[in-house]
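# Overview (structure and organization)
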Amino acid sequence: MQVFKAYMKIVKKKIPSIIVYFAIFIGISIAMTQAGSESERKDFAQTELKIAIENLDDGELSKALVDYLQVNHEVTEIPETEDELLDAIFCRKLDYVLYIPAGFTEKFLAGEREGSLRDRKVPQSSSGMFADSQVEGFLSTLGVYLDAGFSVDESIKNTMEDYELSVEVAFLNGENAAEKHMAVYYFQYLPYIFISTIILAIGPVLLVFLRRDINARNKCSSVSFQTRNLWLIGGSIVVALAEYLFLMAIGICMYPDYILTLKGAVGAFNAFLSLLFALSVTFLFAQIVKKENALNMVSNVCSLTLAFLGGIFVPLDIFGENVLKVSKFIPTYWYVTANDAIAHVTKFSEITDPIWHGFAIQGIYAVALLTLGMLINRIRARE
Amino acid sequence: MTQPVVVIENLVKRYKELVALDHLNLQINEGEIFGLLGPNGSGKTTAISCVLALLNFDKGSVKVFGKEIQPDSYDIKKNIGVVLQNVAVFRELTVYENIDYFCGLYIKDKRLRKQYVNEAVEFVGLGEYVKFYPKKLSGGLLRRLNIACGIAHKPKLIILDEPTVAVDPQSRNRILEGIEDLNAQGATVIYTSHYMEEVEQVCSRIAIIDKGRKIAEGTKEELKKMIKTDEKIHIEVVGLSETQLSQLRQLPHVYRADYAANELTVYCNGGKHNIVHILKYLQENEVSFGRVYTQLPTLNDVFLEITGKELRD
Ligand SMILES: Nc1ncnc2c1ncn2[C@@H]1O[C@H](COP(=O)(O)OP(=O)(O)OP(=O)(O)O)[C@@H](O)[C@H]1O
Ligand SMILES: [Mg+2]
């Protein structure tokens, strides 16, 4: 109890600096939320993709495909060199590159419909997949008309007509699905705030108690190691919980229509797990780091790494496969994935596997890091 | 029959190659102020740390209140008050809050604790400073706070590791008197220092250690009896000749005489009126002399005679 009381007294004295940190990180998050949501919404609102096509075929079908793509998108030549091409894709000056080989029309008419086209795109990007689905959709519809016995010209004409209609429909649906509720963004940024502020607010208080002289003095007392540690963790949980409730209250004021529903509750639980993760990270680093300055660095490095690689600041779909492989080791990735999935939950039975996985992985991380922290604490205690 | 409070037997502690404690044996009895005297790096803090189970040791045993002490011997620890060499207080808490925290580690009852904390504040004379933060305290006051934090819960055994390092004479006296008071109130005290004057002033029994080994133990009188010197006589003398110096060395009970920088130092063992004999000799030989003073041997002389070096350099 004594440890807890001293903990709270120290926290109280650090409140001004905690509020400053809090304001800074909320500010950063609001700025990033706006930037992030706008760019992502633009992605979907803009049907017009930038597509480069190399057409070596001189048949009617390839011409029709190019025409079709030209109706809805900006079609350009392929850049001269491979480097320029990669640059263009990387900088998103090009969303999609399509290679149509010579003899494509002939093969298609002969029934050989798969595998002759080649494409390049930003892996896993929504724009790339959108282009893919348009090309595939167009060709398969064309195939259906041809198989049904229409002439080549008629098939092309019918397909074009179908697509001019359906594209609009698909597009409208797409836009609806893509528009995330602002509360989803609100939730998305919480782990960033938790990690940065909790390391900075709680870390220094833990450091005080772990300081060599104080720690040695405490060890001489009749309060056991376990009891002291439990009170320290208890104090940290109380402070973290206060922050959590505060942010949830703000969320409820801003987005009551989302947060006061089942999704909101599940999202809040997800956020709670990320809070526990942030606490474990803090506990671990407090054992390793000796100075408060070092904690500032740890806080920045951790929160930014987790925010970028975990998909908090940038949509996960712009990552290449290799980056995604790394991201999967990062608990915030699982948080964000679960958070996105939670947006579609309306009843309890709709809590899907990605959501459960997200919960489980975050929980495992929290427990693992806490255990590691305890272990280091134990070892240091016997120095 | 006084029961030993601390018994250290054959204690060995190594830091890698360095042997910090070398088969140390000590026994501290109830009601004593036991002084552990030794130069810097002699192993005082290491010995204290072993008594408090802060360190693992390589060999030997440490019993406190009749039981082997372990890191989790909380029932023993609750009767020990500790003032460590490094000041251990919260910079973030005030003087009062600090004492209350450390006292609260032992005393759960709020009313009693309040009383104890106030008594401790009074005891170290920090009444005016209760609302101060440690960084606003002078070195001496900070040490006093460190002591208050260690003794507020009225422990039966108080261990102080160099509580007067870098402390002004005023605070030092206050601390030393405080230690005698605590002892008078029934506490057994272990006091480490490399200041022989302090140890001589307050301790009822003393162990002198060097390089982790105990080189002498006893009351200060016993310790001084162990060496030849009983009395040192200093006389300001001008123009003493070599012959006269050797004649002085022939006087009864004189076993050594040095002359340097116009000061004559004569070491005597036993005998009475040594000073009279010496002055008489000087008068008879018409040697003029100035200030005269005599000195009883100090623990420094004990240390010097046993180890051949000064306690402090
Ligand atoms: N953690 C440690 N690692 C290695 N050596 C140590 C350690 N602590 C102390 N020592 C060495 O052990 C010896 C005894 O040190 P100790 O601190 O016990 O001396 P001391 O008598 O308390 O000295 P002082 O008067 O300076 O406080 C010294 O030589 C010191 O260098
Ligand atoms: Mg020491």
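The numbering scheme is per chain: residues are counted from 1 as the chain's sequence reads. Starting at A for chains and at 1 for ligands, labels are handed out in the order in which the entities are written. Local features in this predicted model are restricted to residues of pLDDT 70 or higher, and side-chain atom pairs are both shown and tallied only at a pLDDT of 80 or more, whereas totals for entire chains, interfaces and linings draw on every residue. Hydrogens are left out, water is left out, and the side-chain values use all remaining heavy atoms of the structure.

### Overview of the overall build of chain A
When helices and strands are tallied, chain A shows 15 helices and four strands. What the globule rule says is 2.2 Å times the number of residues to the power 0.38, and the radius of gyration is computed from C-alpha atoms. For 383 residues, the compact-globule estimate of 2.2 N^0.38 gives 21 Å, and chain A exceeds it by more than 25% at 27 Å. Along the first, second and third principal axes, the C-alpha set of chain A runs to 95 × 45 × 35 Å. For every residue, the accessible area (1.4 Å probe, protein chains only) is compared with the maximum for its type, and the residue is labelled buried under 20%, exposed over 50%, or partly exposed between those bounds. Counting every position in chain A, which comprises 383 residues, the buried fraction comes to 49%. Considering only residue pairs separated by 6 or more positions, chain A has 77% of its internal contacts joining residues 24 or more positions apart. Surface exposure of chain A reaches about 18,400 Å², of which carbon and sulfur atoms provide 64%. Only four residue types enter the tally: Lys and Arg on the positive side, Asp and Glu on the negative side, with His and both chain ends excluded. For this purpose, a charge sits on NZ of Lys, CZ of Arg, CG of Asp or CD of Glu. Charged side chains in chain A number 32 positive and 42 negative. The centres of these two groups are separated by 27 Å. The way it works is that DSSP assigns letters per residue, a run of H or I at least four long becomes a helix, a run of E at least two long becomes a strand, and they are numbered from the N terminus. Here, residues are in contact when the closest pair of their heavy atoms is within 4.5 Å. Each accessible area value is a Shrake-Rupley result obtained with a 1.4 Å probe; residue values ignore everything except the protein chains displayed when judging cover.

### Describing the sheet that holds strand β4 (residues 118-121) of chain A
Residue and element names in this part refer to chain A. The strand order across the open sheet formed by four strands is β2-β1-β3-β4, and the pairing between neighbours is mixed. At either margin of the open sheet sits one strand with a lone partner, and together these are β2 (74-76) and β4. Adjacent strand axes in the sheet meet at a mean angle of 25°, parallel and antiparallel pairs treated alike. Where strand β3 (residues 96-100) and β4 come together, four bridges link them in antiparallel fashion. If you follow Tyr 96 over to β4, its bridge partner there is Lys 121. Taken strand by strand, helix α3 (residues 82-90) contacts β3 and β4, and its axis lies near 55° from that of β4. The axes are straight lines fitted to the C-alpha atoms, using for helices just the contacting stretch, and the angles between their N-to-C directions are given from 0 to 180°. Packed on one face of the sheet, helix α5 (residues 126-147) meets β3 and β4 and runs near 30° to β3. Pairs of strands are assigned from DSSP output, requiring at least two bridges between the strands.

### Side note on the site of ligand 1
Residues and elements named next belong to chain B. The cutoff for a nearby residue is simple: one of its non-hydrogen atoms must lie within 4 Å of the molecule or strand. Every one of the 13 residues lining ligand 1 counts as a neighbour, but Gly 41, Thr 45, Thr 46, Gln 85 and Glu 162 are closest to it. A distance of 3.0 Å separates an oxygen atom of ligand 1 from a polar backbone atom of Gly 43. Measuring from an oxygen atom of ligand 1, one finds a side-chain N or O atom of Glu 162 at 2.6 Å. Counting only elements with at least two residues in the shell around ligand 1, the list comes to β2 (18-29) and α1 (44-51). At three residues, α1 tops the list of elements feeding residues into the shell around ligand 1. Residue classes in the shell around ligand 1 are distributed as four nonpolar, seven polar and two charged. Counting of polar contacts relies on pairs of N or O atoms within 3.5 Å, with two restrictions inside protein: one atom must be capable of donating a hydrogen and the other of accepting it, and residues adjacent in sequence are counted only when both atoms are side-chain atoms. In the scheme used here, Gly and all other residues not listed as nonpolar or charged are polar, with Ala, Val, Leu, Ile, Met, Phe, Trp, Tyr, Cys and Pro taken as nonpolar and Asp, Glu, Lys and Arg as charged.

### Section: the pairing of strand β13 (residues 263-268) of chain B
Residue and element names in this part refer to chain B. The buried fraction of β13 is high, at five of six residues. Strand direction decides the pairing type here: strand β11 (residues 231-237) and β13, joined by six bridges, are antiparallel. In the sheet register, His 234 faces β13, and the bridge partner there is Thr 265. Bridge count for strand β12 (residues 254-260) against β13 is six bridges, and the pairing is antiparallel. Opposite Tyr 259, over in β13, you have Leu 264 as the bridge partner. The antiparallel pairing of β12 with β13 creates a hairpin that spans two residues between the two strands, and Ala 261 there sits at a positive phi of about 50°.

### Focus on the pattern of salt bridges
Residue and element names in this part refer to chain B. Between Lys or Arg on one side and Asp or Glu on the other, a salt bridge is scored when a side-chain nitrogen of the former is within 4 Å of a carboxyl oxygen of the latter. Applying the stated criterion across every chain yields a total of 18 salt bridges over all chains. A salt bridge links Arg 213 to Asp 22, with the shortest nitrogen-to-oxygen separation between them at 3.5 Å. Taken together, the positions of Arg 213 in strand β10 (residues 213-218) and Asp 22 in strand β2 put the pair 191 residues apart, joining distant regions of the chain. Arg 213 gets classed as partly exposed once you look at its relative accessible area, which sits at 43%. Owing to a relative accessible area of 23%, Asp 22 belongs among the partly exposed residues under this scheme. A salt bridge links Glu 236 to Arg 291; the shortest N-O distance between them is 3.8 Å. Pair noted here: Glu 236 is in strand β11 and Arg 291 is in strand β14 (residues 289-295), with a separation of 55 residues, a long-range link. The exposure class assigned to Glu 236 is partly exposed, which follows from its relative accessible area of 39%.

### Some remarks on the coordination of the magnesium ion (ligand 2)
All names here are of chain B. Counted as donors are the N, O and S atoms within 2.8 Å of the metal, or 3.2 Å for Na, K and Ca, while water is not among the atoms, so some sites may look incomplete. Looking at the magnesium ion (ligand 2), the protein donor atoms are Thr 45 (OG1) and Gln 85 (OE1), and they sit 1.8 to 2.1 Å from it. Linking Thr 45 in helix α1 with Gln 85 in the loop between β6 (80-83) and α3 (95-104), this pair joins segments that are 40 residues apart in sequence. When its relative accessible area of 31% is taken as the criterion, Thr 45 is described as partly exposed.

### Brief notes about the sheet that holds strand β9 (residues 205-210) of chain B
Residue and element names in this part refer to chain B. Read from one edge of the open sheet, six strands run β6-β7-β8-β3-β9-β10, paired in mixed fashion. The strands lining the two open edges of the sheet, one partner per strand, are β6 and β10. In this sheet, adjacent strand axes meet at a mean angle of 15° when their direction is disregarded. Across four bridges, β6 lies against strand β7 (residues 157-161) in parallel orientation. If you follow Val 82 over to β7, its bridge partner there is Ile 159. Against the sheet, helix α5 (residues 139-151) contacts β6 and β7, and its axis sits at roughly 165° relative to β6.

### What to know about the side chain of Asn 158 of chain A
Its location among the elements puts Asn 158 of chain A in helix α6 (residues 152-178). The buried category is assigned to Asn 158 of chain A, whose relative accessible area is 18%.

### Here's the deal with the environment of Thr 227 of chain A
Residue and element names in this part refer to chain A. Note that Thr 227 resides in helix α9 (residues 225-254). Judged by relative accessible area, which is 34%, Thr 227 ranks as partly exposed. Taking the C-alpha atoms as reference points, Thr 227 and Met 1, 226 residues apart in sequence, are found 8.8 Å from one another.

### Details of the interface of chain B and chain A
Many authors give the size of an interface as the accessible area that is lost as the parts come together. Taken together, the contact pairs 32 residues of chain B with 24 residues of chain A. Values labelled buried area give the accessible surface lost by two parts on being combined, using a 1.4 Å probe and summing over both. Summed over both partners, the interface of chain B with chain A buries about 2,600 Å², with 55% contributed by carbon and sulfur atoms. Across the salt bridge formed by Glu 97 of chain B and Lys 13 of chain A, the nearest N and O atoms sit 2.7 Å from each other. Taken together, the connections running from chain B to chain A amount to 11 residue pairs in polar contact (both at pLDDT 80 or more). Of all the elements in the fold, those that place two or more residues in the side of chain B that touches chain A are α2 (74-77), α3, α4 (110-124) and α5 of chain B. No other element matches the five residues that α3 of chain B contributes to the side of chain B that touches chain A.

### Focus on the packing of α9 of chain A against helix α11 (residues 262-288) of chain A
All names here are of chain A. At a closest axis distance of 10 Å, the pairing of α9 and α11 adopts a crossing angle of 140°. With respect to α11, the axis of α9 lies oblique. The element α9 and its partner α11 pack so that their crossing is right-handed. Facing Asn 229, Ile 233, Ser 236, Ile 237, Ala 240, Leu 241, Tyr 244 and Met 248 of α9, the residues of α11 in contact are Ala 268, Phe 269, Ala 271, Phe 272, Leu 275, Leu 279 and Phe 283. A per-class count over the contact of α9 with α11 returns 13 nonpolar, two polar and no charged. For classification purposes, angles smaller than 35 degrees are called roughly parallel, those larger than 145 roughly antiparallel, those between 65 and 115 roughly perpendicular, and all remaining angles oblique. Crossing handedness is defined as follows: a turn of the near helix away from the far one that is anticlockwise and smaller than a right angle gives a left-handed crossing, while the clockwise case is right-handed.

### Considerations on the domain arrangement of chain B
Domain delimitation follows an automatic or database domain assignment. Partitioning chain B into structural domains gives domain 1 (4-224) and domain 2 (231-296). If you average the C-alpha positions of domain 1 of chain B and of domain 2 of chain B, the two centres end up 43 Å apart.

### Some points on the pairing of strand β1 (residues 50-55) of chain A
Residue and element names in this part refer to chain A. Pairing analysis gives three bridges linking β1 to β2, with the strands arranged parallel. Residue pairing in the sheet places Ile 51 in a bridge with Val 75 of β2. Note on handedness: a crossover is taken as right-handed if, strands pointing away from the viewer, the path from the first strand over the helix to the second is clockwise. One crossover worth recording links β1 to the parallel β2 by way of helix α2 (residues 60-72), and it is right-handed. In this sheet, β3 lies alongside β1 in parallel orientation, the contact comprising five bridges. Among the inter-strand pairings, Ile 53 is bridged to a residue of β3, identified as Leu 98.

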